[in-house]
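# Chains, contacts and geometry: an overview
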Amino acid sequence: MWGVTSADRIRQYSDLGPLERLTFDTIELGTRDTYSDPSSFRQAYHSAQRFATDSQGWLVLCGPSGTGKTHLAAAVGNALVEGGQPIRFVSVPDLLDHLRSAFDPAVGAQYDQIFLQAIEAPVLILDDLGAQSSTPWADEKLDQILTHRYNRRLPTLVTTGLRFEELSDRLRTRLGDPYFSTVVRINAGSGTPDERDSGLGERLAESMTFSSFLARGGAGGTAAHKRSLADALAAAKVFAEHPSGWLYLAGKTGVGKTHLAAAIVGECIEQGRKVLFRFVPDLLDDLRRSYGPSGSKSFDHTFGLVRDAEVLVLDDLGAEASTAWAEEKLYQLIVHRHDAMMPTVFTSRITLETIGGSEAQITTRYSEAIVSRLRDGSVVADREMMAPDFRHRGATPRPRSTRRKSSRN
């Protein structure tokens, strides 16, 4: 079954996709401790290298989000693929989602194929164990996969954001076998992400929180308006607590889209996540300035920061000037983050229902390839916010403030 000799077939089977860029060469083993403790990370790095050189037993990498576990796991996968070794890299939540979608008698063959790829892969890399929705069905499937591989001593690498002690007794028994498994914990660094690094202005960070949105959202508007705001607030809170997939917040000017986006940034920073907030017209202006032969390195750096951000917030999509160059850059950004399933928030004055229609006046701006990904129901959760402009709610005018108001909502 595993008589794969073609390098292309091995690469395709691995399902590393956009993670092909993450290798041991791209890992920095310096003394910076912003996101991970250098000593524990070096230990994990050397353990990963040993596993890539001699794939025996199991390697379990534990540590908080952002400490480099996925990078190490992908580096192992890429090293093995380069050496002609078939491997399978899969995110645990994605694997279970695929199994659920295929769990139907009419498509039983597809389910069997997905399940077989997981249990019989010559080397299996399971990323983000513990991030999946815990249900009896999901626990059963995961237990079947791990038990099968444990009993047959099949090489497996697992990453988890949980502490080893937080795993269930059964998982600890499988993953912690001292004669078969190596467990390495990567500790968090002493530094924490800062709002100044996120691209979110200090005033927005201080004033635009979930609490202040709740107070603001209750003023003015109909019951339907309030329901739409409450629904958007709930979706934003869910995303902020467990960033995954895409969240698309649509609505007219002043309904609070940017407020919720800024609140998400603040919550992600509180959790120690690396998050980037960019106003789309400003982002494209920055990219234009760095583009060209003389600024290619600056462009690559600027674009790479946005493309690879752990959590990305793009504010006011559709407000940018419509050019072929702008669409090309947005296409590259959106396709990369869609294919890699990277958590992303969009705010826009254009609803997803009308984004590809002539009434939205953007059909020449966004290609079908962009629209298709924005409308991908398996990735995108969208909320339309309907309410009066919050800046004009209420009958009593307030004294003018000397502070400038944001125009990005």
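The notes below deal with the structure included here. (Residues numbered from 1 in each chain as written. Predicted model: local features only at pLDDT ≥ 70, side-chain atom pairs only at ≥ 80, totals over all residues. Heavy atoms only, no water.)

### Here we look at the packing of aromatic side chains
The full count for this structure, using the stated rule, is 6 aromatic pairs. Judged by centre distance (6.0 Å) and plane angle (75°), the rings of tryptophan 58 and tyrosine 150 are edge-to-face. With tryptophan 58 in strand S1 (residues 58–62) and tyrosine 150 in helix H6 (residues 136–151), this pair connects stretches of sequence that are 92 residues apart. The pair tryptophan 58 / tyrosine 150 is uniform in exposure class, with both members buried. Among the aromatic residues, those joined into a ring-pair cluster are Trp58, Tyr150 and Phe180. Over the face of the ring belonging to phenylalanine 180 we find arginine 153, whose NZ or CZ atom lies 4.4 Å from the ring centre. (Phe/Tyr/Trp six-rings, centres within 6.5 Å; stacked < 30°, edge-to-face > 60°. Helix = DSSP H or I, 4+ residues; strand = E, 2+ residues; numbered from the N terminus. Buried < 20%, exposed > 50% of the residue type's maximum accessible area, 1.4 Å probe, protein only. Lys NZ or Arg CZ within 6 Å of the ring centre and 35° of its normal.)

### What to know about the sheet that holds strand S9 (residues 344–348)
Through backbone hydrogen bonds, the strands of a sheet pair up, either in parallel or in antiparallel fashion. Pairing within the open sheet is parallel, and its 5 strands lie in the order S7-S8-S9-S6-S10. Where the open sheet ends on each side, the last strands, each with one partner, are strand S7 (275–279) and strand S10 (380–385). Across this sheet, the average inter-strand angle for adjacent strands is 15°, counted without regard to direction. As judged from the 5 bridges shared by strand S6 (residues 246–251) and S9, these two strands associate in the parallel manner. The residue of S9 that forms the bridge with leucine 249 is threonine 347. The strands that helix H12 (residues 257–270) touches are S6, S7, strand S8 (311–317), S9 and S10; relative to S7, the one it contacts most, it runs at about 160°. Sheet strands in contact with helix H13 (residues 280–290) are S7 and S8, and its direction is about 90° off that of S7. (Pairing = 2+ DSSP bridges. Axes fitted to C-alpha atoms, helices over the stretch in contact; angles between N-to-C directions. Contact = heavy atoms within 4.5 Å.)

### Topic: the pattern of salt bridges
When their charged atoms lie close together, side chains carrying opposite charge are able to pair. Going through the model one piece at a time under the given rule, you end up with 14 salt bridges. For the salt bridge of arginine 170 with aspartate 143, the shortest nitrogen-to-oxygen distance reads 2.4 Å. Taken together, the positions of arginine 170 in helix H7 (residues 169–175) and aspartate 143 in helix H6 put the pair 27 residues apart, joining distant regions of the chain. A relative accessible area of 24% means that aspartate 143 is categorised as partly exposed. Residue arginine 383 pairs with aspartate 231 through a salt bridge whose shortest N-O separation is 3.3 Å. Taken together, the residues span a long stretch of sequence, with arginine 383 in strand S10 and aspartate 231 in helix H11 (residues 223–241) at a distance of 152 residues. Judged by its relative accessible area of 26%, arginine 383 is partly exposed. (Salt bridge = Lys/Arg side-chain N within 4 Å of Asp/Glu carboxyl O.)

### Some words on helix H2 (residues 38–53)
Along its 16 residues, H2 runs 22 Å from first to last C-alpha, staying within 8% of the 22 Å computed at 1.5 Å per residue. Listed as buried for H2 are Pro38, Ser40, Phe41, Ala44, Tyr45, Ser47, Ala48, Phe51 and Ala52. In this structure, the buried residues of H2 make contact with S1, helix H3 (69–82), strand S4 (156–160) and strand S5 (181–185). (Expected span 1.5 Å × (residues − 1).)

### Description of the packing of H11 against H12
Contact geometry for H11 and H12: axes closest at 9 Å, N-to-C directions at 25°. Between H11 and H12, the interaxial angle falls into the category roughly parallel. The handedness of the crossing between H11 and H12 comes out as right-handed. Within the contact between the two elements, H11 uses Ala232, Leu233, Ala236, Phe239 and Ala240 and H12 uses Leu260, Ile264, Glu267 and Cys268. Taken together, the residues that form the contact of H11 with H12 break down as 8 nonpolar, no polar and 1 charged. (Parallel < 35°, antiparallel > 145°, perpendicular 65-115°, else oblique. Left-handed = near helix turned anticlockwise from the far one by under 90°. Nonpolar A, V, L, I, M, F, W, Y, C, P; charged D, E, K, R; others polar.)

### Side note on helix H1 (residues 7–14)
Quick reminder: α-helices carry 3.6 residues per turn. Residues three or four places apart thus point the same way. For H1, the full list of buried residues reads Ile10, Arg11, Tyr13 and Ser14. Within H1, the buried residues cover an arc of 165° as seen down the axis, which keeps them to one side. Residues Asp8 and Gln12 are exposed on H1 and point more than 90 degrees away from its buried face. (Arc of directions from axis to C-beta.)

### Side note on the sheet that holds S4
Pairing in this open sheet of 5 strands is parallel, and the strands run S2-S3-S4-S1-S5 from one edge to the other. The outermost strands of the open sheet, each flanked by one partner alone, are strand S2 (88–91) and S5. Strand-to-strand twist of the sheet, defined as the mean angle between neighbouring strand axes without regard to direction, takes the value 15°. Direction of pairing for S2 relative to strand S3 (residues 124–129): parallel, over a ladder of 4 bridges. Bridge pairing links arginine 88 to leucine 124 in S3. Contacting S1, S3 and S4, H6 runs over the sheet at an angle of about 140° to S3.

### Here's the deal with unusual backbone geometry
One non-glycine residue with positive phi stands out, namely aspartate 15, at about 60°. Unusually for a residue other than glycine, arginine 153 sits at a positive phi of about 55°. One can find arginine 153 in the loop between H6 and S4. You can call arginine 153 partly exposed: its relative accessible area is 42%.

### Some remarks on the nonpolar core
Of all hydrophobic cores here, the largest spans 31 residues; its most connected members are Phe210, Leu247, Leu260, Ile264 and Met385. Put simply, the parts of the chain that give this core at least two residues each are helix H9 (202–207), helix H10 (210–217), H11, S6, H12, S7 and S8. When residues of this core are assigned to their parent elements, the largest contribution, 8 residues, is made by H12. Every residue in contact with phenylalanine 210, bar those within four places of it in the chain, is listed here: Leu233, Ala236, Lys237, Ala240, Leu260, Ala263, Ile264 and Glu267. Val280, Ala309, Ile370 and Val380 belong to the second-largest nonpolar core, a separate cluster that totals 30 residues. (Core = buried A, V, L, I, M, F, W, Y, C linked by side-chain atoms within 4.5 Å.)

### A word on the pairing of S1
In terms of burial, S1 is a largely internal element, 5 of the 5 residues being buried. In terms of strand pairing, S1 meets S4 through 5 bridges, oriented parallel. Looking at the pairing, tryptophan 58 lines up with threonine 156 of S4. When S1 meets S5, the two strands line up parallel, connected through 5 bridges. Considered in S5, the bridge of cysteine 62 is made with arginine 185.

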